[in-house]
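Residues per chain are reported as follows:
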Amino acid sequence: MLEISFLLLALAGIGLLGWLATVVTPHAFHNIGLILLVVGLAEGVPTGFWYHVVLRRILIERGTLPRRWWIHPTRHHAGLTPEEHRRIRVWFVLGGIGYTLAVAGGLAAIVGLLIERL
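Below: a short report on this structure. (Residues numbered from 1 in each chain as written. Predicted model: local features only at pLDDT ≥ 70, side-chain atom pairs only at ≥ 80, totals over all residues. Heavy atoms only, no water.)

Let us now look at the overall build of the chain. Helix and strand counts for the chain come out as 3 helices and 0 strands. Computed over the C-alpha atoms, the radius of gyration of the chain is 18 Å, more than 25% above the 13 Å expected from 2.2 N^0.38 for a compact globule of 118 residues. With respect to the principal axes defined by its C-alpha atoms, the chain has extents near 55 × 25 × 20 Å. For the chain, buried positions account for 25% of its 118 residues. Approximately 8200 Å² of the chain is accessible, and the part contributed by carbon and sulfur atoms is 73%. Within the chain, the 6 negative side-chain charges are centred at a point lying 9 Å from the centre of the 10 positive side-chain charges. (Helix = DSSP H or I, 4+ residues; strand = E, 2+ residues; numbered from the N terminus. Rg over C-alpha atoms; globule rule 2.2 N^0.38 Å. Buried < 20%, exposed > 50% of the residue type's maximum accessible area, 1.4 Å probe, protein only. Areas by Shrake-Rupley, 256 points an atom, 1.4 Å probe, with all protein chains shown as cover. Lys, Arg positive; Asp, Glu negative; His and termini not counted. Charge placed at Lys NZ, Arg CZ, Asp CG, Glu CD.)

Given below as structure tokens:
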């Protein structure tokens, strides 16, 4: 259910970007995209990093730190206790929000540049 909500939110965001591209000037659209990109990175990188630190600490406490665990860290969520899951959830969500803002901002900046060139 959560994944469907993210999908619908992403589709609404793409539609909003398309509509904004017709209302806002391309230069302003590009600048807004760059601001979103910087904000997303400034918020997402530290929180995503801290999520990995907390998850690593949890896995080390259990004595089961698999090789290359950071490549697909979400596969370890199923084995977490509710308390451990609560410890990483906020960092996981905040990192995802930062990632989403950065991607949306990057796309908006690209769209702004493309519209300006056309």
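Here we take up the side chain of Thr 47. Of note, Thr 47 is situated in helix α2 (residues 26-62). Here the side chain of Thr 47 touches Gly 44 through a polar contact of 3.3 Å, landing on its backbone oxygen. Once you skip the residues sitting within four places of it in the chain, Thr 47 turns out to touch Trp 91, Leu 94 and Gly 95. (Polar contact = N/O pair within 3.5 Å; in protein donor to acceptor, adjacent residues only side chain to side chain. Contact = heavy atoms within 4.5 Å.)

Our next topic: the side chain of His 77. Along the chain, His 77 falls in the loop between α2 and α3 (82-117). You can call His 77 buried: its relative accessible area is 14%. Contacts of His 77, omitting those with residues within four sequence positions, involve Tyr 51, His 85, Ile 88 and Phe 92.

Turning next to the pattern of salt bridges. All chains considered together, the criterion is met by 3 salt bridges. Across the pair Arg 87 and Glu 61 runs a salt bridge whose closest N-O atoms are separated by 3.8 Å. Here Arg 87 is found in helix α3, whereas its partner Glu 61 is found in helix α2, with 26 residues between them in sequence. On the basis of relative accessibility, which here comes to 30%, the residue Arg 87 falls in the partly exposed class. Taking the shortest distance from any N to any O, the salt bridge between Arg 62 and Glu 84 comes out at 2.7 Å. In this pair, Arg 62 sits in helix α2 while Glu 84 sits in helix α3, placing the two residues 22 residues apart along the sequence. On the basis of relative accessible area, Arg 62 is assigned to the partly exposed category, the value being 36%. When its relative accessible area of 12% is taken as the criterion, Glu 84 is described as buried. (Salt bridge = Lys/Arg side-chain N within 4 Å of Asp/Glu carboxyl O.)

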